[in-house]
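If you want the building blocks of each chain, they are given just below.
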Amino acid sequence: MTFDQVSIDLSSVLHETAREHLARTHANLIGGVWRAPETDERIPVVDPATGQVIASIPASGAPDIDHAVAAARTALETGAWPAMPGHARGRLLRRLAELIEAEAGPLAQLEALDTGRPVFECQIVDLPGSIAMLDYMSGWASKIEGETIPVSLPPGTFHAYTEREPVGVVGVIVPWNYPLELAIWRIAPALAAGCTVVLKPAEQTSLTALRLGALIERAGFPPGVVNIVTGYGATAGAALAGHDGVDAVSFTGSTVTGRAIVQAATGNLKRVFLELGGKSPMVVMPDADLDQAIAGVAGAIFFSSGQICTAGSRLIVHDAIHDRMVDGIRRIAEGLKVGHGLDPETRLGPLVSDVQLGRVLSHLDDGAREGAAYVTGGHRLGTGGCFVAPTIATDVAPHARLLREEIFGPVLCVQRFSDADMAVRLANDTPYGLHASVWTRDLSTAHLMARRIKAGNVCINTHNFFDPAFPMGGYKQSGWGRAAGHAALEHYTEMKGIVAKL
């Protein structure tokens, strides 16, 4: 492993657009106007690789959320947006995709700087994924259809049909790991359906959300259709989740916060979509292509430093190949270049914050006390920045926090199995059910195992698969609803039944 903690000269590395965005006095986008918050409090934006403050954002509160919700309600019910046909909404989404594509370079840099993730990840995942979702949903905007219903009464006596209407004002609360892409994946289907949006990005990573606001303006969306308010989750986020003027909430984040969102939504019984935590199993059968499986498993846990809800954090591997798998993953882990996200050679960046660093180190300390053996890693790297060594843990106790709880770090827990029934039992022994993978050459085994594993998505000989057309969501405590495909549109629409006596 190589670890380079040399600081980056932002003035020489950053694109001019990214430098200008950092230098702005950031405000909230409300009703088509960049509006100063009702409070003077600011939140520092910290580079997690160096600990340096690089900008600040508004620490908005409930009054700012009130203004944003009012603007979204006005845009929903009056003006150009409710009168706009679906194909015109689709053109606006496509125009936004073009603007993001034109700024892909600086947006990737801002995302890498804000989250700590390697810029190469942002270039190959975040930006293409954001553009693809806007393209995909732009086509659906003109294809939201109702149905005619053949009722049981004599033909010609009644005409019954359904229509789908926008659910209304949608509050979107996104986490800090993929701030731009997740914002777009939640906003795009809402806009395609004709809703209006109030976006609350994570307080740790709001830079690209604010830049997205500028591009939304440039694309020509009517004022108030998308509003962006920054602030802490406990204040701005809570105010948005509980607001009586909000008709639906889309939240991506931890299961603990998801429960709080549900409680907050009970006031007006608003619709709630949740994509929550995971402890995703990767089951490697004895006949698997080991080269493919080793590379795939390593990528599934070390990509984004494990800070992804679908991270392959549990390796469930057959006894016959256990040692070869673990040794192969160890070699990959120890060969990663760890460093600043803006270095194009970096393959493992820092965790997002000191708080997250403390959480991961706490899990590692507890794991060691409970008997886990660290084949590699298990410790912090350096003294500055939020770096943790890529870690492989074996001999993890079944009850250990390391194995049971979502860590959100580059930590792989390894379990052995001797037969398929045991593998399925281990895979399903979790309160989560977001993502999973099965690695095997046998087609029958692959599909039978996929059917038995309780997860919203099961991949075969791959992991962390995402596509705008592929429904994404979880079982059990991993959430409610689906985040992509046609299923996402249904979340943002209400079905109305209409019947006429003939």
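Just so it is clear, the model here is predicted, and its values are computed rather than measured. (Residues numbered from 1 in each chain as written. Predicted model: local features only at pLDDT ≥ 70, side-chain atom pairs only at ≥ 80, totals over all residues. Heavy atoms only, no water.)

(A) Focus on the overall build of the chain. Each helix and strand counted, the chain has 18 helices and 26 strands in total. Relative to the 2.2 N^0.38 estimate, which gives 23 Å for 502 residues, the radius of gyration of the chain is 23 Å and therefore close to what a compact globule would have. Seen through its C-alpha atoms, the chain measures out along the principal axes to roughly 70 × 65 × 40 Å. The burial tally for the chain puts 56% of its 502 residues in the buried class. In the chain, 74% of the contacts between residues at least 6 apart in sequence involve partners at least 24 apart. (Helix = DSSP H or I, 4+ residues; strand = E, 2+ residues; numbered from the N terminus. Rg over C-alpha atoms; globule rule 2.2 N^0.38 Å. Buried < 20%, exposed > 50% of the residue type's maximum accessible area, 1.4 Å probe, protein only. Contact = heavy atoms within 4.5 Å.)

(B) Examining the pairing of strand 13 (residues 281-284) more closely. Side chains P281 and V283 of strand 13 all project onto a buried face; the interleaved residues M282 and V284 project onto the opposite face, where all are buried too. By the bridge criterion, four bridges tie strand 13 to strand 14 (residues 314-318) in an arrangement that is parallel. In the sheet register, V283 faces strand 14, and the bridge partner there is I316. This β-α-β element, strand 13 to helix 12 (residues 290-302) to strand 14, shows right-handed connectivity. With three bridges joining them, strand 13 and strand 22 (residues 435-439) adopt parallel strand pairing. Bridge pairing links V284 to W439 in strand 22. (Pairing = 2+ DSSP bridges. Right-handed = clockwise from strand over helix to strand, strands pointing away.)

(C) Highlighting helix 10 (residues 233-241). For helix 10, the set of buried residues is A236, G237, A239, L240 and A241. The inward-facing, buried residues of helix 10 contact helix 3 (62-77), strand 8 (169-173), strand 9 (196-200), strand 11 (248-252) and helix 11 (255-264).

(D) Broad picture of the domain arrangement of the chain. You can read the domains of the chain as domain 1 (10-276 + 479-498) and domain 2 (280-460). Here the C-alpha centroids of domain 1 and domain 2 sit 31 Å apart. Opposite the 27 residues of domain 1 that make contact, domain 2 presents 27 residues. When the two sides are added together, the surface that domain 1 and domain 2 hide from each other amounts to roughly 2100 Å², 65% of it contributed by carbon and sulfur. The three residues of domain 1 that bury the most area against domain 2 are P48, A49 and W176, which together make up 25% of that side's buried surface. (Domains from an automatic or database assignment. Buried area = accessible area lost by both parts, 1.4 Å probe.)

(E) A look at empty space enclosed by the protein. Considering all chains together, one arrives at four cavities of 30 Å³ or more under this definition. What the largest cavity holds in volume is close to 70 Å³. Lining the largest cavity we find G278, K279, I301, G306, I308, A311, S313, E406, I407, F408, G409 and V411. Here the lining of the largest cavity is built from residues that sort into six nonpolar, four polar and two charged. Within this model, the second largest cavity holds a volume of roughly 50 Å³. P281, Y432, G433, L434 and H435 are the residues nearest the centre of the second largest cavity, which is lined by 14 residues in total. (1 Å grid on protein atoms, 1.4 Å probe; cavity = no way out; pocket = protein on both sides within 12 Å on 5 of 7 lines; lining within 4 Å. Points joined across faces, edges and corners; volume = space filled by probe spheres on them. Nonpolar A, V, L, I, M, F, W, Y, C, P; charged D, E, K, R; others polar.)

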